[in-house]
Amino acid sequence: MRPLTATLLTAAVAATGIVAALAVSARGQDTGDPLAPDTPRTHRADPPDPAYWTPERVRDARPAPMPTDPRAEGGRQSPP
């Protein structure tokens, strides 16, 4: 039983060393991506600017397209 334990312990130490070496080498690779900023990113949008919707923009705004229902014939969505 002792030779099996020694073999398993040796294999675990070797595997740990291999994983550590791979982690160090992967950390040094340049992916070309820009470095991450020091400030954390959030998923919040800036509050809307009320001055954006001038009377001219409201008048000239086009309605958003309605989503299509792929199950409906012709790709049209029926009203609710």
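Above this text sits the structure in question.
Residues numbered from 1 in each chain as written. Predicted model: local features only at pLDDT ≥ 70, side-chain atom pairs only at ≥ 80, totals over all residues. Heavy atoms only, no water.

> Is there a simple way to explain the overall build of the chain in this structure?
Counting its regular elements, the chain contains two helices and zero strands. Of all 80 residues assigned to the chain, the portion counted as buried reaches 1%. (Helix = DSSP H or I, 4+ residues; strand = E, 2+ residues; numbered from the N terminus. Buried < 20%, exposed > 50% of the residue type's maximum accessible area, 1.4 Å probe, protein only.)

> Just to check I follow, could you spell out the packing of aromatic side chains for this structure?
For any pair of aromatic rings, the description rests on two quantities: the centre-to-centre distance and the angle between the ring planes. Applying the stated criterion across every chain yields a total of one aromatic pair. Ring centres 5.1 Å apart and planes at 90 degrees place the aromatic pair Tyr52 and Trp53 in the edge-to-face group. Judged by its relative accessible area of 51%, Trp53 is exposed. The ring centre of Tyr52 lies 4.0 Å from the NZ or CZ of Arg57, which sits over that ring. (Phe/Tyr/Trp six-rings, centres within 6.5 Å; stacked < 30°, edge-to-face > 60°. Lys NZ or Arg CZ within 6 Å of the ring centre and 35° of its normal.)

> Looking at this model, I keep getting lost on a nonpolar patch on the surface. Mind explaining?
A cluster of nonpolar residues, Tyr52, Trp53 and Val58, forms a patch on the protein surface that exposes about 350 Å² of accessible area. With respect to the helices, strands and loops of the structure, Tyr52 is situated in the loop between helix H1 (2–27) and helix H2 (55–60). Given a relative accessible area of 42%, Tyr52 falls into the partly exposed group. (Patch = residues over 30% accessible without salt bridge, like charges linked within 9 Å, V, L, I, M, F, W, Y side chains within 5 Å. Areas by Shrake-Rupley, 256 points an atom, 1.4 Å probe, with all protein chains shown as cover. Salt bridge = Lys/Arg side-chain N within 4 Å of Asp/Glu carboxyl O.)

> Help me understand the pattern of salt bridges, please; the structure alone is not making it clear to me.
Per the stated rule, a full pass over the model turns up one salt bridge. Of the charged contacts in the structure, one is a salt bridge between Arg59 and Asp60, with a shortest N-O distance of 3.2 Å. An identical accessibility class is assigned to Arg59 and Asp60; each is exposed.

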